[in-house]
Amino acid sequence: MRPPTLVLASTSIYRRQMLERLQVDFLTDAPPVAEHAVPGETPLALVTRLAREKAGSLAEKYPNALIIGGDQVAALGERILGKPESPEQAREQLRQASGHALVFLSGLCLYNSAKSAWQVEVVPFTVHFRSLDEATIDRYLQRDQPFDCAGSFRSEGLGVALCERMEGEDPTSLLGLPLIALCRMMRHEGYPIP
């Protein structure tokens, strides 16, 4: 029996590259979801909601599919640090992270549109930043240009030089698509993963 179509509800090149690691066939499609927090929404609630909305938003278009929705924010306590909207905002996010720990929360949803079955999980990964001076922040922003990354931090690039240490169960969650959790969800749906 042929497995259902696998759909990544994202236009993120990072998520697409992560899913390609699993060596499975999949489609990508842009979810029509606004990625903004509602007033009073916690970082955990935000990524949970957005991952679920992204997966569910494509259910009508793909009625017999496993649809993957994901979202990520960096959290400094209860303060949400999303993707910076300008170089100055990126600079300010890194000033705030300096000497502190940011928790990167990756929301993940796998929606079986044929069965209307949801699996939702949030996978945290903590990055402890060293103290950063203005010159370090400026060099990093100029060289790595992490303007499409939550918290203005790209761990797979030069961002690793800003860290003292990292903690978490799944390093792929830091890149925006927690593959350990996703594989578990796919196996639960009977999708063959090597």
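Above this text sits the structure in question.
From a predicted model like this one, the values you see are computed outputs, not experimental measurements.

Enquirer: So what's going on with the overall build of the chain? Residues and values would help.
Expert: Helices and strands together make up the secondary structure of the chain, namely five helices and seven strands. Secondary structure of the chain in N-to-C order comes out as β-α-β-α-β-β-α-β-β-α-β-α. Its C-alpha atoms give the chain principal-axis dimensions of roughly 55 × 35 × 25 Å. Taken across its 194 residues, the chain has 49% of its residues classed as buried. In the chain, the share of contacts with a sequence separation of at least 24, taken over all contacts with a separation of at least 6, comes to 67%.

Enquirer: How would you summarise the packing of aromatic side chains if you had to cite specific residues and measurements?
Expert: The final tally for this structure, using the stated rule, is three aromatic pairs. With 5.1 Å between their ring centres and 70° between their planes, Phe129 and Phe153 make a pair best called edge-to-face. On the criterion of sequence distance, the pair formed by Phe129 in strand β6 (residues 117–129) and Phe153 in the loop between α4 (134–144) and β7 (163–168) is long-range, its members being 24 residues apart. Judged by relative accessible area, Phe129 falls into the buried class, the value being 2%. In this structure, Arg52 is placed above the aromatic ring of Trp118, and the distance from its NZ or CZ to the ring centre is 3.9 Å.

Enquirer: I'd love a proper account of the packing of helix α3 (residues 87–97) against α4, names of residues and values included.
Expert: One can describe the packing of α3 onto α4 by two numbers: an axis separation of 10 Å at closest approach and a directional angle of 130°. Comparing their axes, α4 and α3 come out oblique. Between α3 and α4 lies a crossing whose hand is right-handed. Contact residues: Pro87, Ala90, Arg91, Leu94 and Arg95 in α3; Glu134, Ile137, Asp138, Tyr140 and Leu141 in α4. A breakdown of the residues in the contact of α3 with α4 according to their chemical character gives six nonpolar, no polar and four charged.

Enquirer: Which residues make up helix α5 (residues 179–188), and what values go with them?
Expert: Residues that lie three or four places apart on an α-helix share one face, since the helix turns once every 3.6 residues. Leu179, Ala181, Leu182, Cys183, Met185 and Met186 are the residues of α5 that are buried. For α5, the secondary structure elements touched by its buried residues are β1 (5–8), α1 (13–20), β3 (65–76), β5 (101–112) and β6. Just downstream of α5 lies Gly190, where phi reads positive at about 80°.

Enquirer: Explain the nonpolar core to me, using residue names and the numbers behind them.
Expert: Core analysis: the largest hydrophobic core is formed by 20 residues, its most contacted members being Leu19, Leu22, Ile68, Leu177, Leu182 and Met186. For this core, the secondary-structure elements that each account for two or more residues are β1, α1, β3, β5 and α5. Tallying contributions element by element places α5 first for this core, with six residues. Excluding anything up to four places from it in sequence, Met186 contacts Leu6, Leu22, Leu110, Tyr191 and Ile193. Core analysis: the next-biggest nonpolar cluster, separate from the first, contains 19 residues, Leu94, Phe129, Leu141 and Cys163 among them.

Thresholds, definitions, all that
Residues numbered from 1 in each chain as written. Predicted model: local features only at pLDDT ≥ 70, side-chain atom pairs only at ≥ 80, totals over all residues. Heavy atoms only, no water. Helix = DSSP H or I, 4+ residues; strand = E, 2+ residues; numbered from the N terminus. Buried < 20%, exposed > 50% of the residue type's maximum accessible area, 1.4 Å probe, protein only. Contact = heavy atoms within 4.5 Å. Phe/Tyr/Trp six-rings, centres within 6.5 Å; stacked < 30°, edge-to-face > 60°. Lys NZ or Arg CZ within 6 Å of the ring centre and 35° of its normal. Axes fitted to C-alpha atoms, helices over the stretch in contact; angles between N-to-C directions. Parallel < 35°, antiparallel > 145°, perpendicular 65-115°, else oblique. Left-handed = near helix turned anticlockwise from the far one by under 90°. Nonpolar A, V, L, I, M, F, W, Y, C, P; charged D, E, K, R; others polar. Core = buried A, V, L, I, M, F, W, Y, C linked by side-chain atoms within 4.5 Å.

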